[in-house]
Amino acid sequence: EPEVTQTPSHQVTQMGQEVILRCVPISNHLYFYWYRQILGQKVEFLVSFYNNEISEKSEIFDDQFSVERPDGSNFTLKIRSTKLEDSAMYFCASSGAKLAGTYNEQFFGPGTRLTVL
Amino acid sequence: GENVEQHPSTLSVQEGDSAVIKCTYSDSASNYFPWYKQELGKRPQLIIDIRSNVGEKKDQRIAVTLNKTAKHFSLHITETQPEDSAVYFCAASSSNTGTASKLTFGTGTRLQVTL
């Protein structure tokens, strides 16, 4: 069964440094998402992406964040200058083609644990 | 925007008993309600979902009910087993054709099934 994959599984960085988190969505999916989960808390939406542009972003997704789909398979989240409060588990998700009146479930990757020191 | 409330935050049941987790949502435009199970350090896994044109859905020991008028939906697990122990999240989404649809999650319920 195809799965969403993410790399790295754990990233440790110094405050102020840039990080890039990578995701490979399920191959025939069209909609891509990033979520984050601070330890012990709920999963929070960051951004959604479709047709090579951002569909929606949350208040968390400020100018320090960006997303990109550089080729046909990868989907990346970049944090330009990390802050201590960016420490969290970051999940990528993807969902499939959407037809009128139907809704497709989102499949989550295993996550990247980001630790900002 | 959408706000999803989830109760209880923790739930302890004996093996074989039933467990019920409840969620409410605020946005009447929400039309898709998935439930995710998350084991410690793992990804959220979709276990069941329900769409707004259906009032109830069942999959073996798991069932979900939806009351659109009251904006409530619930997860029911019967004959609980130790492997059901995990954190369960409800979520809500309003899905429109041609757009990506974010999930708004509840705060989670830690279910502990004891022997």
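Note that this is a predicted model, so its numbers are computed, not measured. Starting afresh in each chain, residues are numbered from 1 along the sequence in its written order. Each chain gets a letter, beginning with A, and each ligand a number, beginning with 1, in the order they are written. Side-chain atom pairs in this predicted model are given and counted only at pLDDT of 80 or more, local residue features only at pLDDT of at least 70, and totals for whole chains, interfaces and linings cover all residues. Processing note: side-chain calculations cover all non-hydrogen atoms of the structure and skip hydrogens and water entirely.

### A short note on the side chain of Ser74 of chain B
Stage number 1. The residue Ser74 of chain B is located in strand β8 (residues 72-77) in this model.
Stage number 2. With sequence-adjacent residues up to four places away left out, Ser74 of chain B is seen in contact with Ile21, Lys22, Trp35, Ala63, Val64 and Thr65 of chain B. Secondary structure elements follow DSSP: runs of H or I of four or more residues count as helices, runs of E of two or more count as strands, with numbering from the N terminus. Residues count as neighbours in contact if any of their non-hydrogen atoms are within 4.5 Å of one another.

### Observations concerning the nonpolar core
Stage number 1. Side-chain atoms within 4.5 Å link the members of a nonpolar core, which is a set of buried Ala, Val, Leu, Ile, Met, Phe, Trp, Tyr and Cys residues. Throughout, exposure labels follow a simple rule: accessible area from a 1.4 Å probe, protein chains only, divided by the maximum for the residue type, with under 20% read as buried, over 50% as exposed, and the rest as partly exposed. By size, the foremost hydrophobic cluster in this structure holds 23 residues, and its most contacted members are Trp35, Phe73, Leu75 and Leu111 of chain B.
Stage number 2. Among the elements of the structure, β2 (10-14), β3 (19-25), β4 (32-38), β5 (45-51), β7 (62-67), β8, β9 (86-92) and β11 (109-114) of chain B are those that each provide at least two residues to this core.
Stage number 3. Ignoring sequence-local partners within four residues, the contact set of Leu111 of chain B consists of Leu11, Val13, Ala19, Ile77, Asp84, Ser85, Ala86 and Tyr88 of chain B.
Stage number 4. In this structure, Ile26, Phe49, Leu77 and Ala88 of chain A belong to the second largest nonpolar core, which totals 21 residues.

### Comments concerning the packing of aromatic side chains
Stage number 1. Aromatic rings from Phe, Tyr and Trp, with only the six-membered ring used for Trp, were paired whenever their centres fell within 6.5 Å, and each pair was classed as stacked if the ring planes differed by under 30 degrees, edge-to-face if by over 60, and tilted otherwise. Counted by the stated rule, this structure contains 18 aromatic pairs over all chains.
Stage number 2. When the ring of Phe32 of chain A is compared with that of Phe75 of chain A, the centres are 5.5 Å apart and the planes differ by 40°; the resulting orientation is tilted. A residue pair is termed long-range when its members are at least 10 positions apart, and Phe32 of chain A in strand β4 (residues 31-37) and Phe75 of chain A in strand β8 (residues 75-79) qualify at 43 residues.
Stage number 3. Measuring from centroid to centroid gives 5.7 Å for Tyr36 of chain B and Phe105 of chain B, while their planes differ by 50°, and the two rings are tilted. Taken together, the residues span a long stretch of sequence, with Tyr36 of chain B in strand β4 and Phe105 of chain B in strand β10 (residues 104-105) at a distance of 69 residues.
Stage number 4. Grouping aromatic residues by their ring pairs yields a cluster made of Tyr33, Tyr35, Phe45, Phe91 and Phe108 of chain A together with Tyr36, Phe89 and Phe105 of chain B.

### Overview of the interface of chain A and chain B
Stage number 1. Facing 27 residues of chain A, the contacting portion of chain B comprises 24 residues.
Stage number 2. Both faces combined, the contact of chain A with chain B buries some 2,100 Å², and carbon together with sulfur accounts for 55% of it.
Stage number 3. A pair is scored as a salt bridge if a Lys or Arg side-chain nitrogen falls within 4 Å of a carboxyl oxygen belonging to Asp or Glu. Counting the contacts that link chain A with chain B gives two salt bridges.
Stage number 4. By the criterion applied in these results, polar contacts are pairs of N or O atoms within 3.5 Å in which, for protein atoms, one can donate a hydrogen and the other can accept it, and in which residues neighboring in sequence qualify only through two side-chain atoms. Linking chain A with chain B are eight residue pairs in polar contact (both at pLDDT 80 or more), by the criterion used here. As a working definition, buried area equals the accessible area (1.4 Å probe) given up by two parts on being put together, with both sides summed.

### Re the pattern of salt bridges
Stage number 1. Per the stated rule, a full pass over the model turns up seven salt bridges over all chains.
Stage number 2. A salt bridge links Lys102 of chain B to Glu56 of chain A; its shortest N-O distance comes to 3.2 Å. Within this pair, whereas Lys102 of chain B is found in the loop between β9 and β10, its partner Glu56 of chain A is found in strand β6 (residues 53-57), the two belonging to separate chains.
Stage number 3. On the accessibility criterion, Lys102 of chain B (27% relative accessible area) is partly exposed.
Stage number 4. A salt bridge links Arg51 of chain B to Asp49 of chain B; its shortest N-O distance comes to 3.8 Å.
Stage number 5. By sharing partners, the salt bridges in this structure join Asp49, Arg51 and Lys57 of chain B into a single network.

### Concerning the sheet that holds β8 of chain A
Residues and elements named next belong to chain A.
Stage number 1. When DSSP finds two or more bridges between two strands, those strands count as paired. Across the sheet, four strands lie side by side as β1-β3-β8-β7; this open sheet has antiparallel pairing. Of all the strands in the sheet, just β1 (5-7) and β7 (65-68) have a single pairing partner and so form its edges. The sheet shows a mean angle of 20° between the axes of neighbouring strands, taken without regard to direction.
Stage number 2. Bridge count between strand β3 (residues 19-24) and β8: five bridges; the pairing is antiparallel. All axes are obtained by fitting lines to C-alpha atoms, using only the stretch in contact for helices, and the reported angles, taken between N-to-C directions, cover 0 to 180 degrees.

### Focus on the sheet that holds strand β1 (residues 4-7) of chain B
Residues and elements named next belong to chain B.
Stage number 1. Sheet architecture is open: five strands sit in the order β1-β3-β8-β7-β6, paired in antiparallel fashion. Each edge of the open sheet is held by one strand with a lone partner, namely β1 and β6 (56-59). Going across the sheet, the axis of each strand differs from the next one's by a mean of 15°, ignoring polarity.
Stage number 2. Sheet topology places β1 next to β3; four bridges connect them, and they run antiparallel. Bridge assignment links Val4 to a residue of β3, and that residue is Tyr25.

### Some points on the environment of Asp27 of chain B
Residues and elements named next belong to chain B.
Stage number 1. Examined against the element boundaries, Asp27 turns out to sit in the loop between β3 and β4.
Stage number 2. A sequence separation of 12 residues divides Asp27 from Glu15, and the C-alpha atoms of the two residues are 36 Å apart.
Stage number 3. Setting aside residues no more than four positions away along its own chain, Asp27 makes contact with Glu2 and Lys71.

### Comments concerning the state of the cysteines
Stage number 1. Cysteine sulfur atoms are paired as a disulfide whenever they come within 2.5 Å of each other. Within this structure, the stated rule accounts for two disulfides over all chains.
Stage number 2. The residue that forms a disulfide with Cys23 of chain A is Cys92 of chain A, at a sulfur-sulfur distance of 2.0 Å. In this structure, the disulfide formed by Cys23 of chain A and Cys92 of chain A twists by about -60° around the S-S bond and is classed as left-handed. Of this pair, Cys23 of chain A sits in strand β3 while Cys92 of chain A is found in strand β9 (residues 88-95), placing the two residues 69 residues apart along the sequence.
Stage number 3. The disulfide that involves Cys23 of chain B links it to Cys90 of chain B, with 1.9 Å between the sulfurs. Between Cys23 of chain B and Cys90 of chain B the disulfide shows an S-S torsion of about -100°. By sign, it is left-handed.

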